[in-house]
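Notes for the structure review
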Amino acid sequence: MALTSFEEQELNELKSWWQDNYKTIIAVVVLSLAGSFGWRYWQDHQVTKTQEISAQYDQIILSNQSAEAKNAEIDAFAKEHNKTAYATLALFEKAKLAVEAKDYQLAAAALQQAITEAPDDILASLAALRLASVQLQLNETDAALATLNNQVKDTSLEARKLLLIGDIQAAKGDKAAAKASYEQAQKNASSLEQEWLQVRLNNL
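This is a predicted model, so every value here is computed, not measured.

1. Looking at the overall build of the chain
Along the chain, the regular secondary structure elements total 9 helices and 0 strands. Its helices and strands taken in sequence order, the chain reads α-α-α-α-α-α-α-α-α from the N to the C terminus. Burial analysis of the chain (204 residues in total) assigns 33% to the buried set. Of the contacts formed within the chain by residues at least 6 apart in sequence, a portion of 47% connects residues at least 24 apart. Here the chain has roughly 12,900 Å² of accessible surface; of this, 54% comes from carbon and sulfur atoms.

And the structure:
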């Protein structure tokens, strides 16, 4: 079937356009494919890396070595994987071991580092709650209150924060302030937290 003059003109224009632009089009296609494969490779790499870090974390936490040796491994692990959830959780373990040994200064240092290493507000706030508890053990009540007021930023932990504030106020002998904190905490507390709070209110 013969082409009309209009169709021949369109075909010639298309050929001319292709001749001028085919290199650019091929380059865009190649780059798009490379980007797609690169993204998939990066995702696979991230998954593999996370699995490796998780395995390292489990190996450290589950080991039966001495606290001193475990702490050394935790320090190295936290340095290598800083600003990750695993580094923060490893430092929680270090603080836990220190509390069990009644070395509250070491526990406080580990938890202060955990706050710095935490990748989000939730983990940072959990670390701050634990730090405030340790500071209370050290009778550093003003420091504990400052930690709670300045470092606990996740609102889902508000009840636990107020509960601990009440504990600190009670330790300072301010029963009225402690009662007010406990009662405020009850407004958004879980069932377990409600039990803790009621015990404290009964003991004031």
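Structure's up, so let's keep going.
2. Considering unusual backbone geometry
The phi angle at Lys102 is positive, at roughly 60 degrees, despite the residue not being glycine. Position of Lys102 among the secondary structure elements: in the loop between helix 3 (85-100) and helix 4 (104-117). Backbone geometry at Asn139 places phi at a positive 65 degrees, although glycine is not the residue there. Mapped onto the secondary structure, Asn139 falls in the loop between helix 5 (121-137) and helix 6 (141-151).

3. Comments concerning the packing of aromatic side chains
Enumeration according to the criterion identifies 0 aromatic pairs in this entry. Positioned over the ring face of Phe92 is Arg130, at 4.3 Å from the centre of the ring.

4. Quick notes on the confidence of the model for the chain
The predicted model of the chain has a mean per-residue pLDDT of 81, with 75% of residues at 70 or higher. Per-element confidence in the chain is highest for helix 6, whose mean pLDDT is 96, and lowest for helix 1 (residues 5-62), whose mean pLDDT is 59.

5. Details of the pattern of salt bridges
With the rule as written, the count across this model stands at 6 salt bridges. For Asp142, the salt bridge identified is with Lys172, shortest N-O distance 3.0 Å. A residue pair is termed long-range when its members are at least 10 positions apart, and Asp142 in helix 6 and Lys172 in the loop between helix 7 (158-171) and helix 8 (175-185) qualify at 30 residues.

6. Examining the packing of helix 7 against helix 8
At a closest axis distance of 8 Å, the pairing of helix 7 and helix 8 adopts a crossing angle of 165 degrees. Viewed along their axes, helix 7 and helix 8 adopt a mutual orientation that is roughly antiparallel. Judged by the twist between their axes, the crossing of helix 7 over helix 8 is left-handed. Contacts between helix 7 and helix 8 involve Ala159, Leu162, Leu163, Ile165, Gly166, Asp167, Gln169 and Ala170 from the first element and Ala177, Ala178, Ser181, Tyr182, Gln184 and Ala185 from the second. Considering only residue class, the contact of helix 7 with helix 8 consists of 9 nonpolar, 4 polar and 1 charged.

7. A closer look at helix 5
Between its terminal C-alpha atoms helix 5 stretches 24 Å, which fits the 24 Å expected from 17 residues at 1.5 Å a residue. Of the positions making up helix 5, those classed as buried are Leu123, Ala124, Ser125, Ala127, Ala128, Leu129, Leu131, Ala132, Val134 and Gln135. Turning to helix 5, the residues buried within the fold contact helix 3, helix 4, helix 6 and helix 7. The first or second residue beyond helix 5 is Asn139, which carries a positive phi of 65 degrees.

Thresholds applied
- Residues numbered from 1 in each chain as written.
- Predicted model: local features only at pLDDT ≥ 70, side-chain atom pairs only at ≥ 80, totals over all residues.
- Heavy atoms only, no water.
- Helix = DSSP H or I, 4+ residues; strand = E, 2+ residues; numbered from the N terminus.
- Buried < 20%, exposed > 50% of the residue type's maximum accessible area, 1.4 Å probe, protein only.
- Contact = heavy atoms within 4.5 Å.
- Areas by Shrake-Rupley, 256 points an atom, 1.4 Å probe, with all protein chains shown as cover.
- Phe/Tyr/Trp six-rings, centres within 6.5 Å; stacked < 30°, edge-to-face > 60°.
- Lys NZ or Arg CZ within 6 Å of the ring centre and 35° of its normal.
- pLDDT = per-residue confidence, 0-100.
- Salt bridge = Lys/Arg side-chain N within 4 Å of Asp/Glu carboxyl O.
- Axes fitted to C-alpha atoms, helices over the stretch in contact; angles between N-to-C directions.
- Parallel < 35°, antiparallel > 145°, perpendicular 65-115°, else oblique.
- Left-handed = near helix turned anticlockwise from the far one by under 90°.
- Nonpolar A, V, L, I, M, F, W, Y, C, P; charged D, E, K, R; others polar.
- Expected span 1.5 Å × (residues − 1).

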